[in-house]
Amino acid sequence: MSKTWRPATQLVHNGTLRSQFGETSEAIYLTQGFVYDTSEAAEARFKGETEGFIYARYGSPTNDMFEKRMCALEGAEDARATASGMAAVSAAILCQLQAGDHIVAARALFGSCRWVVETLAPKYGIECTLVDGRFTENWEKAIRPNTKLFFLESPTNPTLEVVDIAAVAKLANQIGAKVVVDNVFATPLFQKPLELGAHIVVYSATKHIDGQGRSLGGIILSDKQWIDEKLQDYFRHTGPAMSPFTAWTLLKGIETLPLRVAQQTKNAAKVADFLAEQTNKVARVIYPGRKDHPQADIIAKQMSGGSTLIAFELKGGKEAAFKLQNALEIVKISNNLGDSKSLITHPATTTHKNLTDEARAELGISPGTVRFSAGIEDSDDLVEDFARALEQVSA
């Protein structure tokens, strides 16, 4: 496949395997195992002397196509598709650490990601320090002699803070640590963590990559040496593999990723601008595509586009947030994001409800904070929907 193809072309054609029947759409290989012509062929396959598939838990032709297509988009050498985004996060972190190691992680993380580093990892003797990731000096101060991993999201969930990935990667390289970046909010179209110096990138493919509310999935991307030496055995023996049917749906979804993200970003920008004007009811709007984002300088350096998501805070707190959400007609209440349908979430009572009040306050999640994920609807319809709903909110 051509390495000079642009993303929209890669996402339709790259990595395609065709059977002897010459099918147009990728085939779904719903099989657990594979047959060998001879006993000698089976032995050679297991020794790694010949290429081919062994067992669907290790890999399948359909999964392989999805992994190769994502590698082409991300600029990665290799990848492994997982059953969910959290399977990808957990595997990427735990496969390379052991008791006595230390993680430095940004405190602004999706609730389940924070649970993995803050609660699960310490059960296995892995220490963790959470930092305000917006400031590079905080990462540097948290480094210990046993620090082996930095973990971050950028932009963050739900408040769309941004971390300087290149600066964190530079620190990690100085001590021989690895940087894992959850790149869901930026999408692989707007941010390339590997080009910025990160070592591993993870996605919840459930979000923009599927983008149509059909499938759970995740993927881990890195260089081939790290996949072979750190991830492969963990992956084979713990079994987080993606279903081939899911891989097929994601292959279909990813074909339209550039089209969907372009419209979603256009919609998010227009809604963000509208909300920013409603100063009598909206306290603040955080959107990476706006010049008033607190870290606009870093965004300009490492992102090629805004985002499909907005965070904003209503002056009336939880009551105002609930009234707004309940009054929306087009926008649906859901904890998902990156969907073709516009979705809205109240993080304090859903995705981040398990954090303490103090922890939420540290992250800038107030009772009035709302996260909006723009869909592909008409921009004017979405603005009108918010205008109608805001009329139900007291000033």
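Residues numbered from 1 in each chain as written. Predicted model: local features only at pLDDT ≥ 70, side-chain atom pairs only at ≥ 80, totals over all residues. Heavy atoms only, no water.

**Student:** Got a minute to help me understand the packing of helix α4 (residues 85–94) against helix α10 (residues 224–238) in this structure?
**Tutor:** Relative placement of two packed helices is described by the angle separating their axes and the distance separating the axes. Put simply, α4 and α10 touch, their axes get as near as 9 Å, and they point 120° apart. α10 is crossed by α4, and the crossing has right-handed handedness. Along the contact surface, α4 presents S90, A91, A92 and L94, while α10 presents W226, L231 and Y234. Split by residue class, the contact of α4 with α10 holds 6 nonpolar, 1 polar and no charged. (Axes fitted to C-alpha atoms, helices over the stretch in contact; angles between N-to-C directions. Helix = DSSP H or I, 4+ residues; strand = E, 2+ residues; numbered from the N terminus. Left-handed = near helix turned anticlockwise from the far one by under 90°. Contact = heavy atoms within 4.5 Å. Nonpolar A, V, L, I, M, F, W, Y, C, P; charged D, E, K, R; others polar.)

**Student:** Please clarify how the side chain of Q295 should be interpreted in this entry.
**Tutor:** Mapped onto the elements, Q295 comes out in the loop between β8 (282–286) and α13 (296–302). A relative accessible area of 8% places Q295 in the buried class. Contacts of Q295, omitting those with residues within four sequence positions, involve R134, E161 and V162. (Buried < 20%, exposed > 50% of the residue type's maximum accessible area, 1.4 Å probe, protein only.)

**Student:** How should the pattern of salt bridges be read in this particular structure?
**Tutor:** Should their charged atoms come close, side chains of opposite charge can pair. As enumerated under the stated definition, the model contains 22 salt bridges in all. Between R80 and D78 there is a salt bridge, and its shortest N-O distance comes to 3.1 Å. Relative accessible area serves as the criterion here: at 11%, R80 is assigned to the buried category. The closest approach of N and O atoms between E255 and K252, which form a salt bridge, is 2.9 Å. With E255 and K252 both in helix α11 (residues 244–255) and 3 residues apart, this pair spans about one turn of that helix. By sharing partners, the salt bridges in this structure join E26, R69, K252 and E255 into a single network. (Salt bridge = Lys/Arg side-chain N within 4 Å of Asp/Glu carboxyl O.)

**Student:** In this structure, what is going on with the nonpolar core? I would like to understand it.
**Tutor:** Side chains of a nonpolar character, in soluble globular proteins, are inclined to be buried together. Formed by 32 residues in total, the largest nonpolar core has its most connected members in F66, M70, Y203, I209, I219, L221 and L257. Residue assignment for this core shows that the elements contributing at least two residues are α3 (61–74), β1 (78–82), α8 (187–190), β6 (200–204), β7 (218–222), α11, α12 (257–277) and β9 (309–314). Mapped onto the domain boundaries, this core takes at least three residues apiece from domain 1 (7–253) and domain 2 (257–392). Sequence-distant contacts of L257, defined by excluding residues within four places in its chain, comprise L11, L73, P188, L189, H208 and I209. Counting 27 residues, the second-largest nonpolar core is a separate cluster that includes A88, V89, V116 and L149. (Core = buried A, V, L, I, M, F, W, Y, C linked by side-chain atoms within 4.5 Å. Domains from an automatic or database assignment.)

**Student:** Would you mind going over the packing of aromatic side chains with me for this structure?
**Tutor:** How two aromatic rings sit relative to each other is given by the distance of their centres and the angle of their planes. Tallied over the full model, the rule gives 7 aromatic pairs. Residues F312 and F386 carry aromatic rings whose centres are separated by 6.2 Å and whose planes lie at 75° to one another, so their mutual orientation is edge-to-face. Of this pair, F312 sits in strand β9 while F386 sits in helix α16 (residues 379–390); the two residues are 74 residues apart in sequence, bridging distant segments of the chain. Each of the two residues, F312 as well as F386, counts as buried. One aromatic cluster is present, formed by F312, F372 and F386 through successive ring pairs. Directly above the aromatic system of Y58 lies the positively charged group of R236, at a separation of 4.0 Å from the ring centroid. (Phe/Tyr/Trp six-rings, centres within 6.5 Å; stacked < 30°, edge-to-face > 60°. Lys NZ or Arg CZ within 6 Å of the ring centre and 35° of its normal.)

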